[in-house]
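# Breakdown of the fold
Letter by letter, the chains look like this.
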Amino acid sequence: MTDTLADYYDAAITPYTDRMRAVLDADRAWRVHTMARLGVGAVLSGLHPQVRWEEPVLELAGFAGQRQVDFHLEGRGLLLSAHIFCGSRPRALLNEVGTPVLVYAPVWNLQSDSLVAAAADVRPPASTALAALLGRTRAAVLEALASPAGHNTKQLAERLAISPASASEHVAALRAAGLVTSLRQANMVRHTATALGKNLISTAT
């Protein structure tokens, strides 16, 4: 049975691990961006249609026939955990000892099978090795998108002092190589470096 499960994992999971990691990284980046701009309430309100936030109460819809249970955090906080295999319904993992966990499915992307990103931080210019590999501007684009929440095209162009068309072109090339992922959120597309892109930056520095 162990060998069968290992074979199944190699066939059904391993080929998609980088893609799944990109989805989870982008979801986390989007939550960070939302919290930085709009606060914790906005993060909790936007997790899932079945999660309702009315401060100070977070309500999770139960299954039909389930009785309502009140659970008090008592200062222990709440860990938000996105899971690929969570299913369509969020669920709470609660106990009286450890940190309570709310498991939810990440919001799937409309573009490139990935998720959202956002916000910004400041990074140094592209490393010499990375610039030699990708070209100075493209390396700078990749490093900028390795920030915790990435950038939209306009932010990226302004940060690197290049035109939006040039920024879009570089992002498209990096996305085609699997180094960047993009997600449309409302009328905006945000970009973030994938795990492969971040590993490339780490290797080159």
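Residues numbered from 1 in each chain as written. Predicted model: local features only at pLDDT ≥ 70, side-chain atom pairs only at ≥ 80, totals over all residues. Heavy atoms only, no water.

## A few points about the overall build of the protein
Secondary structure assignment for the protein yields eight helices and eight strands. Going through the 205 residues of the protein one by one, you find that 35% of them count as buried. When the accessible surface of the protein is summed, it comes to about 12200 Å², and 57% of that surface belongs to carbon and sulfur atoms. (Helix = DSSP H or I, 4+ residues; strand = E, 2+ residues; numbered from the N terminus. Buried < 20%, exposed > 50% of the residue type's maximum accessible area, 1.4 Å probe, protein only. Areas by Shrake-Rupley, 256 points an atom, 1.4 Å probe, with all protein chains shown as cover.)

## What about helix 8 (residues 195-204)?
Side chains three or four residues apart in an α-helix point the same way, a direct result of the helix having 3.6 residues per turn. Taken as a whole, helix 8 has its buried residues at Ala195, Gly197 and Ile201. Projected down its long axis, helix 8 carries its buried residues within an arc of 160°, all on one side. Lining the buried residues of helix 8 we find helix 2 (17-38), helix 4 (128-134), helix 5 (136-144) and strand 8 (188-193). (Arc of directions from axis to C-beta. Contact = heavy atoms within 4.5 Å.)

## Structural notes on the environment of Gly75
Its location among the elements puts Gly75 in the loop between strand 2 (57-60) and strand 3 (79-82). Gly75 sits in the exposed class, given a relative accessible area of 81%. Taking the C-alpha atoms as reference points, Gly75 and Thr99, separated by 24 residues in sequence, lie 9.6 Å from one another.

## Side note on the nonpolar core
In summary, soluble globular proteins display a tendency toward joint burial of nonpolar side chains. Counting 17 residues, the largest nonpolar core has Val141, Leu142, Leu145, Leu156, Val171, Leu174 and Val180 as its most contacted members. Looking at this core, the elements with two or more residues in it are helix 4, helix 5, helix 6 (153-160) and helix 7 (164-176). Among the elements that line this core, the one with the most residues is helix 5, at four residues. In this structure Leu156 touches Val141, Ala144, Leu145, His151, Ala167 and Val171, once residues within four positions along its chain are discounted. (Core = buried A, V, L, I, M, F, W, Y, C linked by side-chain atoms within 4.5 Å.)

## A closer look at the pattern of salt bridges
A full pass over the atoms with the stated rule returns four salt bridges. Asp25 is the salt-bridge partner of Arg28, the closest N and O atoms lying 3.0 Å from each other. Taken as a pair, Arg28 and Asp25 lie in helix 2 at a separation of three residues, close to a single helical turn. What makes Arg28 partly exposed here is its relative accessible area of 49%. (Salt bridge = Lys/Arg side-chain N within 4 Å of Asp/Glu carboxyl O.)

## Looking at the packing of helix 5 against helix 6
Where helix 5 meets helix 6, the axes come as close as 11 Å, and the angle between the chain directions of the two elements is 125°. Taken together, the axes of helix 5 and helix 6 are oblique relative to one another. As for the relative orientation of helix 5 and helix 6, their crossing is right-handed in sense. Of the residues in helix 6, those in contact with Ala140, Val141 and Ala144 of helix 5 are Leu156, Arg159 and Leu160. Looking at the contact of helix 5 with helix 6 residue by residue, the classes come out as five nonpolar, no polar and one charged. (Axes fitted to C-alpha atoms, helices over the stretch in contact; angles between N-to-C directions. Parallel < 35°, antiparallel > 145°, perpendicular 65-115°, else oblique. Left-handed = near helix turned anticlockwise from the far one by under 90°. Nonpolar A, V, L, I, M, F, W, Y, C, P; charged D, E, K, R; others polar.)

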